[in-house]
Amino acid sequence: MGPKGRRRAGLLTAAGTALLSLGGVLGSTLVKSPAQAVADSAPPAASVITAQVERQKLVRTLVFRGDFATGRQTEIAPTAIASTGQDGAQGEGGARSALVVTKVLAAEGDQAKAGKPLAEVSGRPVFVLPGALPGYRDLLPGISGDDVDQLQKALSGLGFGRGGDRSGYFGPGTKAAVAALYRRMGYQPPVTGARTEEAVRQARTAWEEQSARVTQMERPPSSGASSGASSGSGSGSGSGSGGAATGGRTDGGSAAGSGTGAGSGDDLAAARKRLAEAKKAYDLAVAADGVMLPASEAIFVKDLPARVSGLPAAVGDRLEGPVVVLTSGGPQLTGYLDPALAGRLTPGTQVEVTSESLGITVSGKVASIGERVTPGDSKEAKDSNDAKGKSAGPADAVNGNAPYLPVTITPDKTWDDRLEGHNVMITVSSPLSGEAGLVVPQAALLTGADTHTTVTVRESGGRERKVRVTAGPSADGLVQVSPADGESLREGDQVVVGR
C-alpha cells in the first residue's frame, strides 16, 4: 500500500470511530434505566394558585330574563259618518252607503297628538283625545256622564273651556268648545241632525201656540161683546158658555170668578201652567240639538302621544276595518323572576336592562312584582295577551314554560322603541356592605379543627403564613374578611386558593 492509500485508510478509520461515538451518545439518551423511567412518569411538582386580596364594596348580582312587549294597541275603525247639517248624512249614527278613505294624514312612526287629524273617512276627520275611559257612545248635547266629564277635561287641555256647563254635562258651553275644536282642525262641526231639528220645530210651535192662547185669555174683553160669551164678576152672577170673548177659541170650561178678561181664575192658571211646560219642553229640545261629538270621529286614548304603528287602508279604499292603528304607552318590559328568589327583589330596586342583539343597555326600576304564574293557566293567558294588546286566547310560551313571578319594570327615561319584541337580560346589583372592605375568593378560606377561619398568604419569596380572619357577607364567589387582632392582611396580598 502506498502513502496515499495509507492516508485514505486512516481517514476512513477516524470517520468510523466518530460515527460510532456519536451513535453511542444518541443511544444513551434514548435508553433509560427502570429508575429513570419511573421518575419521568411521576406527576410534576405541585404548583400554587393564588388570588389577590382586594378592597371593594361587596355587591350581590341577580340576573334574570325578560321580554319587551308592544304597547297597548288601539284600532280606529269608523262605522258611520256624522252630519254637519250641510250634507246627506243622517247624524246620530246614520251611515252613508259606503265609508271611503279620502285622506291619510299620518305616516307610520308618527306621534298621534290630541286634536290632530290622522285620516279622513268620507271627508270627515279621525282624531284622538286623551282619556282612560273608552268611547262607547256618541256624546250628544243634553246628556251627562263620566265620559262627558272626560271630554270637557280633554277640551280644556286644548284651550277650550266648558263655559257655564257643570262638570259632566254636555251643555251650550261644551257645544261651543267642540265646535271651536273642529274649526281649529278645519272641519265643520258635526250636529245631531234632522230628528232633533224637527223636535225643536215642533216644541217651538207648541210653545208659541200656548203663549198666544194665554195672551188671548189675559186680554180685556172688547166693548160691546156679547154678554153670552162670558159673564164677568161685575154682574154678580151668570154662567159662561165656555167660548172666548173674541177669536172663537174654546178652552173646555166655564169662566167663573172675579176675572175681567176673556178667561180668568182656574182656566187662566191652568193655561199658564201649560205654557211653562211648553217652554220647558222647548228648552230641552234646544239643549238636545246642535253640535255633538261622534264616537266614529273622536277616539279616546289613555296614553298620549301615541305612536302610529299601522295604516291598513289607503286613499280610495272602502273601509272594512281599521284606518289607523295606534300603539300607546311605548314598549313594556316584564321580567321573569324565579319564585325561589322572591325575597331578593323589592319595588323600587334599580336594574340594568341589556339587549345583547341590539347592543343597548338602559336603566330602570322595579315597579311591581306579581303573583306566581304557571305558563298555560288561564290567568297567565289573559295577562300575557293584555300586555300585548291582543284579545283573549292562548298565551305565547314565556320563560321556557317555567313558573315565574312577573316583574314590571319602568324606565328611568323612555324605553327605546327598538326594544319592542326583544328578549333582554335584567341585572340587579345589591350592595351588601355600606363601606368597602377586604374581600377574598371563597376558596381562600380554610376552617380548622379549632373552628378558626384562616387564609394562607404567600409571600414573594414563596414563604407562606396563615392569617386568622373573620368572615363577613358573601356574594358572587367573594367573601368580605377582616384580620383578627394581631394579624396582618393587606390589599394586594396574594392568598392561596388552590394547589
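Residues numbered from 1 in each chain as written. Predicted model: local features only at pLDDT ≥ 70, side-chain atom pairs only at ≥ 80, totals over all residues. Heavy atoms only, no water.

> Can you help me understand helix H4 (residues 172-185) in this one?
Note: α-helices contain 3.6 residues per turn, so residues at a spacing of three or four share the same orientation. In this model H4 runs 20 Å from its N-terminal to its C-terminal C-alpha over 14 residues, within 8% of the 20 Å that 1.5 Å per residue would give. Residues Gly173, Thr174, Lys175, Ala177, Val178, Ala179, Leu181, Tyr182 and Met185 constitute the buried set of H4. The secondary structure elements touched by the buried residues of H4 are strand S8 (124-130), helix H3 (146-157) and helix H6 (266-287). Two residues or fewer after H4 comes glycine 186, characterised by a positive phi angle close to 95 degrees. (Helix = DSSP H or I, 4+ residues; strand = E, 2+ residues; numbered from the N terminus. Expected span 1.5 Å × (residues − 1). Buried < 20%, exposed > 50% of the residue type's maximum accessible area, 1.4 Å probe, protein only. Contact = heavy atoms within 4.5 Å.)

> For this particular structure, what's the right way to read the pattern of salt bridges?
Any two side chains of opposite charge can pair if their charged atoms end up close together. Summed over all chains, the structure comprises 19 salt bridges. The partner of aspartate 493 in a salt bridge is arginine 465, with the nearest N and O atoms 3.9 Å apart. Of this pair, aspartate 493 sits in the loop between strand S21 (478-483) and strand S22 (494-498) while arginine 465 sits in strand S20 (residues 464-475), and the two are 28 residues apart along the sequence. Look at the salt bridges and you will find they share partners, linking Glu459, Arg463, Arg465, Arg490 and Asp493 into a network. (Salt bridge = Lys/Arg side-chain N within 4 Å of Asp/Glu carboxyl O.)

> Can you walk me through unusual backbone geometry in this structure?
Among all residues except glycine, the phi angle is most often negative; among peptide bonds, the trans geometry is most common. Here the residue pair leucine 304 and proline 305 is connected by a cis peptide bond, since its omega of 0 degrees sits within 30 degrees of zero. With respect to the helices and strands, proline 305 occurs in the loop between strand S9 (298-301) and strand S10 (306-310). A positive phi is found at asparagine 401, a non-glycine position, where the angle reads about 65 degrees. Looking at the secondary structure, you find asparagine 401 in the loop between helix H7 (378-387) and strand S15 (405-411). Backbone geometry at aspartate 476 places phi at a positive 55 degrees, although glycine is not the residue there. Relative to the elements of secondary structure, aspartate 476 occurs in the loop between S20 and S21.

> Can you walk me through the sheet that holds strand S12 (residues 332-337) in this structure?
Whether parallel or antiparallel, the strands of a sheet pair through hydrogen bonds between backbone atoms. If you trace the 6 strands once around the closed barrel, you get S3-S12-S15-S14-S13-S16, paired in antiparallel fashion. When strand polarity is set aside, the average angle formed by the axes of neighbouring strands in this sheet is 40 degrees. Note: strand S13 (residues 350-355) against strand S16 (residues 423-431), 3 bridges, orientation antiparallel. Bridged to glutamate 352 within S16 is threonine 427. (Pairing = 2+ DSSP bridges. Axes fitted to C-alpha atoms, helices over the stretch in contact; angles between N-to-C directions.)

> Looking at this structure, I do not really get the packing of H3 against H4. What am I missing?
For any two helices packed against each other, the geometry is given by the interaxial angle and the distance between the axes. Across the interface, H3 lies against H4 with an axial gap of 11 Å and an inter-helix angle of 50 degrees. With respect to each other, H3 and H4 are oriented oblique. Taken as a pair, H3 and H4 cross one another with a handedness that is left-handed. On the side of H3, the interface is formed by Leu151, Gln152 and Leu155, while H4 contributes Thr174, Ala177, Val178 and Leu181. Among the residues making up the contact of H3 with H4, the classes are represented as 5 nonpolar, 2 polar and no charged. (Parallel < 35°, antiparallel > 145°, perpendicular 65-115°, else oblique. Left-handed = near helix turned anticlockwise from the far one by under 90°. Nonpolar A, V, L, I, M, F, W, Y, C, P; charged D, E, K, R; others polar.)

> Would you explain the confidence of the model for the protein in this entry?
Detailed reading of the predicted coordinates is not advisable wherever pLDDT is low. For the protein, per-residue confidence averages 82 on the pLDDT scale, and residues scoring 70 or more make up 75% of the total. For the protein, per-element mean pLDDT is lowest for H7, which scores 49, and highest for H3, which scores 98. Between residues 224-260, whose pLDDT stays under 50, and residues either more than four places distant or in other chains, the model counts 41 contacts. (pLDDT = per-residue confidence, 0-100.)

> So what exactly am I meant to see when it comes to the side chain of threonine 327 here?
Relative to the assigned elements, threonine 327 resides in strand S11 (residues 324-328). Separated by 2.7 Å, the side chains of threonine 327 and serine 309 make a polar contact. The residues contacting threonine 327, other than those within four sequence positions of it, are Thr70, Gly71, Arg72, Gln73, Ala306, Arg307, Ser309 and Glu420. (Polar contact = N/O pair within 3.5 Å; in protein donor to acceptor, adjacent residues only side chain to side chain.)

> What should I look at first to understand the packing of aromatic side chains in this one?
What describes a pair of aromatic rings is the distance from one ring centre to the other and the angle between the planes of the rings. Tallied over the full model, the rule gives 4 aromatic pairs. Ring centres 4.8 Å apart and planes at 70 degrees place the aromatic pair tyrosine 336 and tyrosine 404 in the edge-to-face group. Here tyrosine 336, found in strand S12, pairs with tyrosine 404, found in the loop between H7 and S15; they are 68 residues apart in sequence, far enough to count as distant. The ring of tryptophan 207 has lysine 279 lying over it, and the distance from NZ or CZ to the ring centre is 5.4 Å. (Phe/Tyr/Trp six-rings, centres within 6.5 Å; stacked < 30°, edge-to-face > 60°. Lys NZ or Arg CZ within 6 Å of the ring centre and 35° of its normal.)

> Just checking my understanding: could you explain the sheet that holds S9 for this structure?
Within the open sheet, the 4 strands sit side by side as S5-S7-S8-S9. Their pairing is mixed. Both edges of this open sheet fall to strand S5 (101-104) and S9, since each of them pairs with a single strand only. Strand-to-strand twist across the sheet, computed as the mean angle between neighbouring axes with direction ignored, equals 25 degrees. With respect to the sheet, H3 is in contact with S8 and S9, its orientation differing from that of S8 by roughly 95 degrees.

> How should the packing of helix H5 (residues 194-218) against H6 be read in this particular structure?
At their nearest, the axes of H5 and H6 sit 8 Å apart, and the two run at 160 degrees to each other. Compared by their axis directions, H5 and H6 come out roughly antiparallel. Here the hand of the crossing between H5 and H6 comes out left-handed. Two secondary-structure elements touch here, H5 through Ala199, Val200, Ala203, Arg204, Ala206, Trp207, Gln210, Ser211, Val214, Met217 and Glu218 and H6 through Asp267, Leu268, Ala271, Arg272, Arg274, Leu275, Ala278, Lys279, Ala281, Tyr282, Ala285 and Val286. A breakdown of the residues in the contact of H5 with H6 according to their chemical character gives 15 nonpolar, 2 polar and 6 charged.

> Would you mind going over the environment of arginine 65 with me for this structure?
By secondary structure assignment, the location of arginine 65 is in strand S3 (residues 59-69). In this structure arginine 65 comes out as partly exposed when scored by relative accessible area, which is 30%. Excluding residues that lie within four positions of it along the chain, arginine 65 makes contacts with Gly335, Tyr336, Glu356, Asn423, Val424, Met425 and Ile426. Within the structure, arginine 65 has its side chain in polar contact with the side chain of asparagine 423 (distance 2.8 Å).

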